[in-house]
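Descriptive structure summary
Residue-level listing of the chains:
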Amino acid sequence: MNKFLLIFVLLISTPSYAYIGPGMGGGVIAAVIGFFAAILLGIWGILYYPIKRALKNRKKKSNDS
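Rules used in this analysis
Residues numbered from 1 in each chain as written. Predicted model: local features only at pLDDT ≥ 70, side-chain atom pairs only at ≥ 80, totals over all residues. Heavy atoms only, no water. Helix = DSSP H or I, 4+ residues; strand = E, 2+ residues; numbered from the N terminus. Rg over C-alpha atoms; globule rule 2.2 N^0.38 Å. Buried < 20%, exposed > 50% of the residue type's maximum accessible area, 1.4 Å probe, protein only. Phe/Tyr/Trp six-rings, centres within 6.5 Å; stacked < 30°, edge-to-face > 60°. Patch = residues over 30% accessible without salt bridge, like charges linked within 9 Å, V, L, I, M, F, W, Y side chains within 5 Å. Areas by Shrake-Rupley, 256 points an atom, 1.4 Å probe, with all protein chains shown as cover. Salt bridge = Lys/Arg side-chain N within 4 Å of Asp/Glu carboxyl O.

1. Details of the overall build of the protein chain
In terms of helices and strands, the protein chain carries 2 helices and 0 strands. The C-alpha atoms of the protein chain give 25 Å as radius of gyration, which overshoots the globular expectation for 65 residues (11 Å, by more than 25%). Taken along its principal axes, the extent of the C-alpha atoms in the protein chain is 75 × 40 × 10 Å. The buried share among the 65 residues of the protein chain stands at 2%.

See below:
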């Protein structure tokens, strides 16, 4: 019963008569892009820097021998 009510409420919408100006729209777009960029850069940092350090250590060991 609760699922039916939730679907009914989400499908039946009423006009809100609100205005989102270009400044607010641009801010929302920037926030969404920033959010995804932060996730991608976090994944990049987790994957890239340990690999870079391992390759540097491997190169250093091969030069020492």
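This is not the end of the story, as more comes after the structure.
2. Topic: the packing of aromatic side chains
The tally for this structure, following the rule as stated, stands at 4 aromatic pairs. Ring plane angle 20 degrees and centroid distance 6.5 Å describe the contact between Phe4 and Phe8, whose orientation is recorded as stacked. Taken as a pair, Phe4 and Phe8 lie in helix α1 (residues 2–11) at a separation of 4 residues, close to a single helical turn. Its relative accessible area of 58% is what places Phe4 among the exposed residues. Members of the aromatic cluster, connected to one another through ring pairs, are Trp44, Tyr48 and Tyr49.

3. As for a nonpolar patch on the surface
A cluster of nonpolar residues, Ile20, Met24, Val28, Val32, Phe35, Phe36, Ile39, Ile43, Ile46, Leu47, Ile51 and Leu55, forms a patch on the protein surface that exposes about 1,200 Å² of accessible area. Of note, Leu47 is situated in helix α2 (residues 22–64).

4. Concerning the environment of Gly42
Mapped onto the elements, Gly42 comes out in helix α2. The exposure class of Gly42 is partly exposed, given its relative accessible area of 33%. In this structure, the C-alpha to C-alpha distance between Gly42 and Thr14, residues 28 residues apart in sequence, is 40 Å.

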